[in-house]
Amino acid sequence: MQYLLNAREMKQIDKNTIEVFGVPSLVLMERAALRVVEMIKKEAADAKRTLVVCGTGNNGGDGMAVARMLYLEGNEVEVWLIGNPEKCSEETKKQYDILKAYGIPVVEQKEGFCEQFCVQEPDSEQAQIQTQMQTQIQAQTAYTLIIDALFGIGLSRNVEGIHREAIEEMNRLEGTKIAIDIPSGIHADSGAVMGNCFYADHTVTFAYNKTGLWLYPGADAAGQIHIADIGITKESFLEKEPQMLMPQAEDLTRLPKRKADSNKGTYGKVLVIAGSEEISGAAYFSAKAAYLSGCGLVKVFTHEKNRTMLTTRLPEAIPVTYDGKKNLKESLIAAVQWADVLVLGPGLGRSDTARQIVKLTIQTAAVPIIVDADALNLLSEELEILKGPHTDLIVTPHLGEMSRLVDMPIEYIKKNILMTAQDFSREYNVICVLKDARTITSIPYGKTYVNTSGNHGMATAGSGDVLTGIIAGFLAGGLTPEEAAVFGVYVHGLSGDAMVEKTGYYSLMAEDILDGIKEVLK
Ligand SMILES: NC(=O)C1=CN([C@@H]2O[C@H](COP(=O)(O)OP(=O)(O)OC[C@H]3O[C@@H](n4cnc5c(N)ncnc54)[C@H](OP(=O)(O)O)[C@@H]3O)[C@@H](O)[C@H]2O)[C@@H](O)CC1
Ligand SMILES: [K+]
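Residues numbered from 1 in each chain as written. Chains lettered and ligands numbered in written order. Predicted model: local features only at pLDDT ≥ 70, side-chain atom pairs only at ≥ 80, totals over all residues. Heavy atoms only, no water.

A.B. asks: Describe the coordination of the potassium ion (ligand 2), and please don't skip the residues or the numbers.
C.D. replies: All of the protein donors around the potassium ion (ligand 2) are Asn59 (OD1), Asp148 (O), Asp148 (OD), Phe151 (O), Ile180 (O) and Ile182 (O); their distances to the metal are 2.7 to 3.2 Å. Classification of the site at the potassium ion (ligand 2) as irregular follows from its six donor atoms and the range of 67 to 149° in their angles at the metal. On the basis of relative accessibility, which here comes to 0%, the residue Ile182 falls in the buried class. (Donors = N, O, S within 2.8 Å, 3.2 Å for Na, K, Ca; no water. Tetrahedral: all angles 85-135°; square planar, octahedral: opposite > 155°, others 65-115°. Buried < 20%, exposed > 50% of the residue type's maximum accessible area, 1.4 Å probe, protein only.)

A.B. asks: Describe the pattern of salt bridges, with residues and values.
C.D. replies: Proximity of charged atoms lets side chains of opposite charge pair with each other. The full count for this structure, using the stated rule, is 20 salt bridges. Residues Glu73 and Lys41 are paired through a salt bridge, measuring 2.7 Å at the closest nitrogen-oxygen approach. One end of the pair, Glu73, is in the loop between helix H3 (58-72) and strand E3 (76-82); the other, Lys41, is in helix H2 (residues 25-42), with 32 residues separating them in the sequence. Linking Asp46 and Lys48 is a salt bridge whose minimum nitrogen-to-oxygen distance equals 3.6 Å. Since its relative accessible area comes to 46%, Lys48 is described here as partly exposed. Taken together, the salt bridges that share partners define one network made up of Arg355, Lys359, Glu381 and Glu382. (Salt bridge = Lys/Arg side-chain N within 4 Å of Asp/Glu carboxyl O. Helix = DSSP H or I, 4+ residues; strand = E, 2+ residues; numbered from the N terminus.)

A.B. asks: Talk me through the site of ligand 1; I want residue IDs and the actual numbers.
C.D. replies: As a matter of local geometry, ligand 1 sits amid 23 residues, with Asn58, Asn59, Asp62, Gly152 and Asp181 nearest to it. Within the side chain of Asn59, an N or O atom sits 2.8 Å from an oxygen atom of ligand 1. Residue Arg157 places a main-chain N or O atom 2.9 Å away from a nitrogen atom belonging to ligand 1. Here ligand 1 loses 78% of its free accessible area of 940 Å² to cover by the protein chains. Those elements that place two or more of their residues in the shell around ligand 1 are helix H1 (7-19), H2 and H3. Residues that form the shell around ligand 1 fall into these classes: nine nonpolar, 10 polar and four charged. (Near = heavy atom within 4 Å. Polar contact = N/O pair within 3.5 Å; in protein donor to acceptor, adjacent residues only side chain to side chain. Areas by Shrake-Rupley, 256 points an atom, 1.4 Å probe, with all protein chains shown as cover. Nonpolar A, V, L, I, M, F, W, Y, C, P; charged D, E, K, R; others polar.)

As structure tokens, this is what we get:
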């Protein structure tokens, strides 16, 4: 797992490193700059003519140190200092003095940015000729590298005025674009664009990943992310461990272990309560995903109409069917009591029968339940059910389902995805898996996980049903609800990624994601 830090946490561990362990701030800055220069070389970016755009905070100081290092290696370097130089932080003032001592050109810009830097619209023939000549000269002297050191984790409000103009100009210029710590204009916590932002090819971020680099739209602005060790270590957490994490490929070693001396009972029993008179496929996708994720035995509680489909497409799954309301209660309770894990909701519909099934299952089950799709839509009309006593619940809404659950517009939820998942998980004491391009898994009063596997081809019918089955399979195999939710989401994304090379984004279907599970788990 990798930590994802917000600006407050990062500032605190900077401070702890400096004040508790006595590492001077300038030493950290120097190490940060060295790492940026190393990355430039590793990526073979051409630094022959480099522009470094600095702000007055410590991000600007990092930029100045990078400028000096590149200059002393024989590159042509120009520095723009945007903002009032008198407001420079202590370290940045020091870096500025060093630049002056080496005679490195710095252009100070306090206001009216474009008058000095930008290409003006020509207003006469002579001016047009002059502009063409300027353009030719510019083409010969164009920067090969643009380094953004305007704002880092200290961005505190929307970008306006000369800062906005500086960012627009950096984006307009050609050359490889590198952001120091975080692209200027991106909020380190949410990934939101604060007015406007720099678009980087590479971002070198210090010590730990920042959440805003991985959430959209920040992820679009960051380009390739490089984490640079600058000497700030876990010791600086001072036992206050960050609560936001991102699963990585190496974490797959934590999936349920298979034992040589085992039988189908060893890997748990899943009951998939899914499908309705009208919808048949959802139950199949969920049940098959549970099998593919290692579960030993799967029963499907569904409408009698789905029996033939199920026994034909997935003969390994045992159907328990109902027809109308006759014996519904008794057979549902018996099936629920048989299972170690329940999936509730895919393709269930919103009939009175479905409502009864959802209510009864949540109120009687003593084993973990993964609640999805129509079960969530029904719950959004009767949220008090979630307020009552219940077993471990993992809810897996997409943005539309979440919008119904919390009665807020989808756009609001998308912008506030972390907070929405966290608030919901705490209010109802459920694990909330809020599905989007970066699915968020929030543990009530615990950790929050940001998932980075998966692709837009997976936004397809049945994809969510597959996810419920994977989580159920992992739970049945012995993972905790937290582990099963986090790794279920991660493996689901990897399964889509594994297949998209063969299918392309347009043609990826739920059946392909099922095939992808085999690739990922083999
Ligand atoms: N030892 C360390 O700490 C290390 C730190 N390191 C580096 O330092 C960076 C953090 O530095 P930082 O805290 O100085 O913040 P930074 O992002 O440079 O900018 C703050 C300045 O911008 C201003 N400002 C904010 N928003 C604005 C806006 N919209 N429009 C205009 N102005 C705005 C803000 O003004 P204020 O809000 O105070 O009015 C303040 O003056 C970090 O990302 C990393 O690169 C590394 O060297 C490793 C060691
Ligand atoms: K920056």
